[in-house]
Amino acid sequence: HSSLMTVVEKRRTSSSNDFVMISFLTFLGNVIGTQQYSEDAEPANILWVNFFNPQLMLSLSHTLLRLFNNQEGVDGDDDTDSHQLKDDPEAFFQWELQRSCDEDVGSAAQNLFLALVEAEFAVQSVIQDREKVVLPWLIDLLGNVASQRLAVEIEGGMSRNIDAEIIRQAVPLGAAHHTSVTQHGSIEDAFVMQWDAIYTAAGLVGAMLEGHSGFDFGSWFENCLGPNLSLLLQQSGSQQQHHSYLPVLQRRIIWLVSCTANHVNISSQFNPLGMAVTALSRPDDVCLRLTAVQAVDALLPYCEDTPHLLHSITEASIPALFRLANDCDEVESRSSCLDLLSNIITYVSCTGGLLSTELLNSIVAPLSTIWENADGQNLLLRRNVLSILACVASFVGPDEATALYPLALPLIDDSFGREENVFLVDEALKIWWVLLQLSKGYDPLLGKLYLRAPALSKDLEHVKVLMRITEYYIILGKEDFLNDHATTIQAVLCNIVGEVSPRGTAYVGLVLEALLRLFPSEGGNLLDSCGITDKFLEACAQNYFVIDSCDPDRVIVIYMTALARISLANPTFLQNKLPITLQAGSFGHSQLVDLFVKRFQVAGNGAHGLLFESLWGMLLLSFYPPSHTMTLTNAVLEKAHEIFGAFVYLLKNVNRDGSNLLSYEVECDDDEEKIDRDTCAYDVLLQEQAARDKLHSSNFRHQLTEKLNGLGAALGNDDYGRFLSTLDSTMLQQLQEMLAN
């Protein structure tokens with residue numbers, strides 16, 4: 001401790017000691033943060049516990065608070081927090097936001113202080129009996145309401161020419177801790193900065209304060225912090241800061257509210273959200289306004305139960321955010337303003353609030369200019385522009401989203417088409433997806449964006465979103481989209497099929513189902529003419545022979561379902577596709593049927609399992625005589641027992657009206673999905689088109705009955721008898737009873 005105090009004293013004359021001080025503070029923090037020293041009853045550890053007695057811990061804490069903000073500097077040096085805050089408020093805000101304990105004494109001091117707060121040390125050298133020392137001391141400081149009020153009155157210019165002795169008696173950390181400060185400034189400055197340090201400590205400690213020794217942050221805000229902040233805002237608004245004091249406590253209290261937003265009563269009579277917006281709307285200190293951005297952003301989630309508070313601040317906060325963004329030079333500052341703007345629109349929408357047409361126009365109007373002027377490091381602001389547009393589109397809904405097309409679509413296209421905008425692709429895909437979901441019908445103007453899909457599909461990171469978009473285009477645009485973009489779809493699938501993970505293939509399955517459900521014949525030709533079906537069959541062959549690195553069963557099931565849909569629409573499709581010769585063997589019609597039989601149970605996994613199994617069952621049934629391919633007929637006759645077992649399963653489990661045949665869907669994974677989905681419109685379209693699905697319009701029972709009735713004549717008596725002998729008598733009886741019913 002003596003060494004630390006020596007370094008602190010030397011710092012007043014030379015900043016060259018900062019590296020030594022940072023190293024020393026970090027060392028102490030590491031020691032205090034080592035649990036073993038305070039938990040194990042080893043003699044050496046007890047020595048450490050005795051060393052860090054309560055008196056030393058409190059003395060250290062006093063010293064550390066003094067180091068939180070740089071108010072001493074070097075003799076004759078103006079490089080203090082106050083001077084930096086006054087000379088360049090925005091730079092000071094960003095510096096404080098990004099300060100590092102490896103380079104900054106104040107940050108290292110804060111880390112050590114947190115270690116002291118969290119540590120529990122032995123009482124009377126008994127390891128098992130531990131208590132916190134620093135936290136009760138900090139709570140006592142926060143309970144000094146009169147001292148806080150005096151600091152607020154000094155900063156607000158309400159108490160001038162106060163006797164220095166009165167201030168000296170009110171300083172919360174004692175006279176010894178402002179002596180050095182007054183060598184470079186007034187005792188009033190020192191007094192205010194002490195409370196700035198204490199409030200900083202409270203924000204760092206955060207949730208640890210709540211409930212300790214009966215401390216209630218909500219009550220403290222209601223009885224002390226809230227009234228003080230309200231008074232400061234009133235004074236700064238009426239006097240426009242005619243005195244010389246910076247808004248140090250205003251800023252720190254607002255920052256403290258952002259740190260403890262979950263403990264503040266959002267419905268307090270002092271309205272923390274409203275006060276933060278008031279600070280945001282001030283025309284002067286940029287640092288204060290940026291801190292208010294933090295506070296509003298932190299308080300927004302707690303407005304869901306009191307939406308009227310949120311709705312009451314939109315008219316003031318949104319223009320204020322644009323003004324602040326214009327007043328800032330740093331891209332991080334401007335981006336934080338625009339981020340908050342997006343969040344406000346989202347929360348207003350979620351809570352059923354309204355934004356006037358004038359306000360919406362004022363939000364959208366500057367976006368084009370922001371986009372065009374964003375160059376160099378400011379390119380990052382283009383991401384904010386896209387995010388705001390997506391939020392506005394979601395807010396206005398399907399009836400008005402098309403009004404955004406003239407602005408939004410060129411920006412989305414620009415995001416995909418220029419190398420400098422490559423970092424915007426995720427955000428551009430998001431707004432593209434939002435606009436697509438909001439479409440009431442297929443718009444060729446929106447459809448033109450799909451020309452960018454082949455290039456995007458080369459980056460497999462975007463597969464899931466791109467497949468969602470492709471599926472929705474097919475569902476929404478039907479024939480029009482297919483006529484416009486058949487070759488584009490081919491290019492996209494050629495880039496993706498066989499190149500992605502099983503999870504990625506699940507999303508490819510969405511496109512295959514949408515395409516082949518609506519256009520089983522045309523869609524099949526589209527896939528076949530670009531070699532996709534050959535990839536499917538090749539993968540099936542490798543899976544059948546269990547070749548190393550072959551696709552897993554869940555991928556093969558998707559491919560086989562696509563092949564089933566194509567074959568049902570075009571019975572001769574498989575005639576010339578097989579066999580495929582591999583080193584492991586020949587994969588022909590017999591092996592394909594065998595694979596359908598072996599993977600039938602796997603196809604039943606998931607909510608859509610009965611749908612896939614029914615498709616497979618219909619395909620296998622179609623191979624029985626009369627059939628276009630004799631080799632397929634022979635294959636299903638050989639596997640009759642297993643296949644008819646599957647038929648019995650389908651008759652038992654599929655509703656006569658097909659109502660339990662659920663469309664294929666991929667469950668969203670929060671860790672993988674980067675887009676929000678409005679499933680209402682999607683589900684309606686899916687239900688409408690599912691009704692057009694050949695499977696739903698086909699009567700499997702009727703087809704099975706007809707096949708069985710014609711099988712005898714097609715095979716002849718002898719072959720038919722041999723066929724029946726391969727079936728289990730119990731299964732055959734069940735089949736007859738089910739068909740009779």
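The model shown is predicted, which means the values in this text are computed figures rather than measured ones.

Asks: So what exactly am I meant to see when it comes to the overall build of the protein chain here?
Replies: A count of helical and extended segments in the protein chain gives 42 helices and four strands. Among the 741 residues that make up the protein chain, the fraction classed as buried is 55%. Considering only residue pairs separated by 6 or more positions, the protein chain has 75% of its internal contacts joining residues 24 or more positions apart. Summed over its atoms, the accessible surface of the protein chain is roughly 31,600 Å², and 48% of this surface lies on carbon and sulfur atoms.

Asks: Any chance you could explain helix 9 (residues 134-142) here in plain terms?
Replies: The periodicity of an α-helix, 3.6 residues per turn, causes residues three or four positions apart to be oriented the same way. Among the nine residues of helix 9, seven are classified as buried, and the element is accordingly described as predominantly covered. Where helix 9 is concerned, the buried positions are Val134, Leu135, Trp137, Leu138, Ile139, Leu141 and Leu142.

Asks: Even after reading the chapter, I still don't get the environment of Leu574, so can you show me in this structure?
Replies: Summarising the element assignment, Leu574 is placed in the loop between helix 32 (553-569) and strand 3 (580-582). By relative accessible area, which is 3% here, Leu574 ends up buried. Taking the C-alpha atoms as reference points, Leu574 and Gly588, 14 residues apart in sequence, are found 9.8 Å from one another. Look past the residues within four positions of Leu574 in its chain and what remains in contact with it is Leu537, Ser567, His589, Leu592 and Phe623.

Asks: Would you mind going over a negative patch on the surface with me for this structure?
Replies: A cluster of acidic residues, Asp87, Asp88, Asp329, Glu330 and Glu332, forms a negative patch on the protein surface. With respect to the secondary-structure elements, Asp88 resides in the loop between helix 6 (81-87) and helix 7 (89-98).

Asks: Hey, could you run me through the packing of helix 28 (residues 463-496) against helix 29 (residues 502-518) in this one?
Replies: How two helices sit against one another is set out by the angle between their axes and by the gap between those axes. At a minimum axis distance of 9 Å, the contact between helix 28 and helix 29 shows a crossing angle of 160°. One element, helix 28, and the other, helix 29, form an angle in the roughly antiparallel class. Handedness of the crossing formed by helix 28 with helix 29: left-handed. Judged by residue contacts, Val463, Lys464, Met467, Arg468, Thr470, Glu471, Ile474, Ile475, Lys478, Leu482, Leu493 and Ile496 of helix 28 engage Gly504, Tyr507, Val508, Leu510, Val511, Ala514, Leu515, Arg517 and Leu518 from helix 29. The class makeup of the residues in the contact of helix 28 with helix 29 is 14 nonpolar, two polar and five charged.

Asks: I would appreciate a short explanation of the nonpolar core in the present structure.
Replies: As a rule of thumb, nonpolar side chains are buried together in soluble globular proteins. Within the largest apolar cluster, 264 residues are counted, with the highest numbers of intra-cluster contacts made by Leu25, Leu65, Phe113, Leu138, Trp432, Tyr473 and Phe644. The element contributing the most residues to this core is helix 28, with 16 residues. In this view, Tyr473 contacts Trp432, Leu436, Tyr442, Leu446, Gly447, Leu449, Tyr450, Lys478 and Phe481; residues no more than four positions away in its chain are not counted.

Asks: Looking at this structure, how should I read helix 13 (residues 187-205)?
Replies: Its 19 residues give helix 13 an end-to-end C-alpha distance of 27 Å, which sits within 8% of 27 Å, the value for a rise of 1.5 Å per residue. Most of helix 13 is tucked away, with 17 of its 19 residues classed as buried. Positive phi appears at Gly206, one or two residues downstream of helix 13, with a value of about 55°.

Asks: Got a minute to help me understand the packing of helix 2 (residues 18-32) against helix 8 (residues 105-118) in this structure?
Replies: One can describe the packing of helix 2 onto helix 8 by two numbers: an axis separation of 9 Å at closest approach and a directional angle of 15°. Judged on the interaxial angle alone, helix 8 and helix 2 are roughly parallel. In this structure, helix 2 crosses over helix 8, and the sense of that crossing is left-handed. Contacts between helix 2 and helix 8 involve Asp18, Met21, Ile22, Leu25, Leu28, Gly29 and Ile32 from the former and Val105, Ala108, Ala109, Leu112, Ala115 and Leu116 from the latter.

Asks: Could you clarify how one ought to interpret the environment of Leu685 in this entry?
Replies: As for its position among the elements, Leu685 is in helix 38 (residues 679-690). For the pair Leu685 and Ile475, spaced 210 residues apart in sequence, the C-alpha to C-alpha distance is 7.0 Å. Every residue in contact with Leu685, bar those within four places of it in the chain, is listed here: Tyr472, Ile475 and Leu476.

About the cut-offs
Residues numbered from 1 in each chain as written. Predicted model: local features only at pLDDT ≥ 70, side-chain atom pairs only at ≥ 80, totals over all residues. Heavy atoms only, no water. Helix = DSSP H or I, 4+ residues; strand = E, 2+ residues; numbered from the N terminus. Buried < 20%, exposed > 50% of the residue type's maximum accessible area, 1.4 Å probe, protein only. Contact = heavy atoms within 4.5 Å. Areas by Shrake-Rupley, 256 points an atom, 1.4 Å probe, with all protein chains shown as cover. Patch = residues over 30% accessible without salt bridge, like charges linked within 9 Å, V, L, I, M, F, W, Y side chains within 5 Å. Salt bridge = Lys/Arg side-chain N within 4 Å of Asp/Glu carboxyl O. Lys, Arg positive; Asp, Glu negative; His and termini not counted. Charge placed at Lys NZ, Arg CZ, Asp CG, Glu CD. Axes fitted to C-alpha atoms, helices over the stretch in contact; angles between N-to-C directions. Parallel < 35°, antiparallel > 145°, perpendicular 65-115°, else oblique. Left-handed = near helix turned anticlockwise from the far one by under 90°. Nonpolar A, V, L, I, M, F, W, Y, C, P; charged D, E, K, R; others polar. Core = buried A, V, L, I, M, F, W, Y, C linked by side-chain atoms within 4.5 Å. Expected span 1.5 Å × (residues − 1).

From the geometry alone we can't say anything about function, so treat these as descriptive.
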